[in-house]
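Notes for the structure review
So you can see what is in the structure, the chains are spelled out below.
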Amino acid sequence: MAVTLDPAQFENLLLEPRDDGVWVVTVNRPHKRNALDPATIEELVEFFSKARFAGVKSVVLAGAGDHFCAGLDLIEHHDADRAPEDFMHVCLRWHEAFNKMEYGGVPVIAALQGAVVGGGLELASSAHVRVMDDSTYFALPEGQRGLFTGGGATIRVADLVGKARMIDMMLMGRVYHGQEAVDVGLAQYKVDNDVFGKALALAQRAAENLPLTNFAICSAISHMQNMSALDAAYAEAVVAGVVNTQAPARERLAAFADKSAARVRKTD
Ligand code: 1HE
């Protein structure tokens, strides 16, 4: 299925395709600290629904300016003064966007700087790999704003840090930063500077894997977490049946057999 993604059709996301198949996707509302309004969520749905079919090999997800994302657009939400049913539907579109990210089969590497808060942390936690630096901080200020999470934090943030830490973050407004943020699971990589460069290098590395293998890594693992162990093992066997017999994998297996392929070595 050939699908095209036209960067000119996007207003709130800056899309930059690269020759190596990596696409840089930047939430581009720095005047609002990249807060997410319904229009931006629709663009995320559009991009991540099409990415795999448009040949996107991997994605660097970033925020314009000094902050990754300030979460829900609180001004828009205040002005809209929605009925409960209407905000439920807003949240369902957030879930659509973030599920397309997590289950879409294309590796998403988040380059996190500054505030990664509220819905911004929900966005970040839908990526497959998170990279932070010394400027990065994580919080769920919904508790103090009289709100609650609506974009999947109860699933994904609790999954990353555990139930008790998430409850503490929300009750106390606790902010995680620095090495502690890595230690509790909010990011997998921390760099001193050039968080974008590190995220890009990781996205390029992921893009070297076979697309079907990346599809399995970036959809099957998440799906299997939702299954019983018995069903997950069965599904894993089915996925491995498809992936591990794909034609392009034979070349890689042959390279191992003839000793031309790189061996696994410890790195610094
Ligand atoms: C915004 C937003 C926003 C900034 N919605 N407009 N999220 C929050 O509670 C985070 C709220 N934001 C902040 O705490 C701070 O703005 C930041 C720490 C992110 C950045 O601080 P700073 O000093 O760099 O910027 P600022 O001066 O606070 O804001 C600059 C502008 O961005 C300002 O607009 P201006 O017109 O006065 O210049 C802010 O109004 C605007 N701005 N954040 C709208 N979030 C599906 S449910 C999800 C639930 C949630 O996500 S709750 C939201 C949690």
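A brief structural summary. As the structure is a prediction and not an experimental result, all values here were calculated from the model. (Residues numbered from 1 in each chain as written. Predicted model: local features only at pLDDT ≥ 70, side-chain atom pairs only at ≥ 80, totals over all residues. Heavy atoms only, no water.)

What follows deals with the overall build of the chain. Secondary structure assignment for the chain yields 12 helices and 9 strands. Computed over C-alpha atoms, the radius of gyration of the chain comes to 19 Å, within 12% of the 18 Å expected from 2.2 N^0.38 for 268 residues, which places it in the range of a compact globule. Here the C-alpha coordinates of the chain stretch approximately 65 × 40 × 40 Å along the principal axes. Going through the 268 residues of the chain one by one, you find that 45% of them count as buried. For the chain, the share of sequence-separated contacts (at least 6 apart) that also reach a separation of at least 24 residues comes to 70%. Carbon and sulfur atoms form 55% of the exposed surface of the chain, whose accessible area is close to 14,200 Å². Of the charged side chains in the chain, 25 are positive and 34 negative; the average position of the first set lies 8 Å away from that of the second. (Helix = DSSP H or I, 4+ residues; strand = E, 2+ residues; numbered from the N terminus. Rg over C-alpha atoms; globule rule 2.2 N^0.38 Å. Buried < 20%, exposed > 50% of the residue type's maximum accessible area, 1.4 Å probe, protein only. Contact = heavy atoms within 4.5 Å. Areas by Shrake-Rupley, 256 points an atom, 1.4 Å probe, with all protein chains shown as cover. Lys, Arg positive; Asp, Glu negative; His and termini not counted. Charge placed at Lys NZ, Arg CZ, Asp CG, Glu CD.)

The next subject is the environment of aspartate 79. Summarising the element assignment, aspartate 79 is placed in helix α2 (residues 74-80). Separated by 25 residues in sequence, aspartate 79 and glycine 104 have C-alpha atoms that sit 33 Å apart.

So, on to helix α11 (residues 229-243). For α11, which comprises 15 residues, the first-to-last C-alpha distance of 20 Å matches the rise-based estimate of 21 Å (1.5 Å per residue) to within 8%. All of the buried residues in α11 are Ala232, Ala235 and Val243. Relative to the axis of α11, the buried residues are bounded by an arc of 70 degrees and lie together on one face. Opposite the packed face of α11, turned more than 90 degrees from it, sit the exposed residues Leu230 and Tyr234. (Expected span 1.5 Å × (residues − 1). Arc of directions from axis to C-beta.)

Applying the stated criterion to the full structure yields 12 salt bridges. The partner of arginine 29 in a salt bridge is aspartate 37, with the nearest N and O atoms 3.3 Å apart. Overall, arginine 29 belongs to the buried group, its relative accessible area being 8%. Put simply, arginine 156 and glutamate 102 hold a salt bridge, and the shortest N to O gap is 2.5 Å. Of this pair, arginine 156 sits in helix α6 (residues 153-161) while glutamate 102 sits in helix α3 (residues 84-103), and the two are 54 residues apart along the sequence. Note on arginine 156: relative accessible area 8%, which makes it buried. Each member of the salt-bridge network shares a partner with another, and the members are Arg29, Lys32, Asp37 and Asp73. (Salt bridge = Lys/Arg side-chain N within 4 Å of Asp/Glu carboxyl O.)

Below, the discussion takes up the nonpolar core. Counting 50 residues, the largest nonpolar core has Leu44, Phe47, Leu123 and Phe138 as the members making the most contacts within it. Those residues in contact with leucine 123, other than ones at most four positions away along the chain, are Val27, Leu44, Leu61, Phe68, Cys69, Phe98 and Met101. Among the nonpolar cores identified, the runner-up in size contains 15 residues, and Ala111, Ala199, Leu202 and Ala203 belong to it. (Core = buried A, V, L, I, M, F, W, Y, C linked by side-chain atoms within 4.5 Å.)

Contacts to the ligand come from 24 residues, most closely from Ala70, Leu72, Leu74, Gly119 and Arg145. Contact with the protein chains removes 67% of the 1,000 Å² of surface that the ligand exposes when unbound. Among the secondary structure elements, those contributing two or more residues to the shell around the ligand are α2, β5 (115-117), α4 (119-124) and α5 (142-145). Partitioned by chemical class, the residues of the shell around the ligand number 11 nonpolar, 7 polar and 6 charged. (Near = heavy atom within 4 Å. Nonpolar A, V, L, I, M, F, W, Y, C, P; charged D, E, K, R; others polar.)

Here the focus is the environment of isoleucine 41. Topologically, isoleucine 41 is positioned in helix α1 (residues 38-50). Overall, the relative accessible area of 1% leaves isoleucine 41 in the buried class. Isoleucine 41 sits 52 residues away from arginine 93 along the chain, and the two C-alpha atoms are 6.9 Å apart.

When you line up the elements, serine 219 lands in helix α10 (residues 211-225). For serine 219, the contacting residues outside a window of four places in its chain are Glu102, Tyr103 and Gly105.

Before going further, it helps to examine the state of the cysteines. Enumeration over the complete set of coordinates arrives at 0 disulfides. Of the cysteine sulfurs around cysteine 69, a residue in no disulfide, the closest is that of cysteine 91, at 14 Å. (Disulfide = S-S within 2.5 Å.)

Before going further, it helps to spend a moment on the pairing of strand β3 (residues 58-63). Of all 6 residues in β3, 6 are buried; the element is thus mostly enclosed. Alternating positions in β3 separate into two faces, Ser58, Val60 and Ala62 on one and Val59, Leu61 and Gly63 on the other, with burial throughout. Note: strand β2 (residues 22-27) against β3, 6 bridges, orientation parallel. Directly across from threonine 26, in β3, lies its bridge partner alanine 62. Handedness of the crossover joining β2 and β3 through α1 is recorded here as right-handed. In this sheet, strand β4 (residues 108-112) lies alongside β3 in parallel orientation, the contact comprising 3 bridges. Bridged to valine 60 within β4 is isoleucine 109. (Pairing = 2+ DSSP bridges. Right-handed = clockwise from strand over helix to strand, strands pointing away.)

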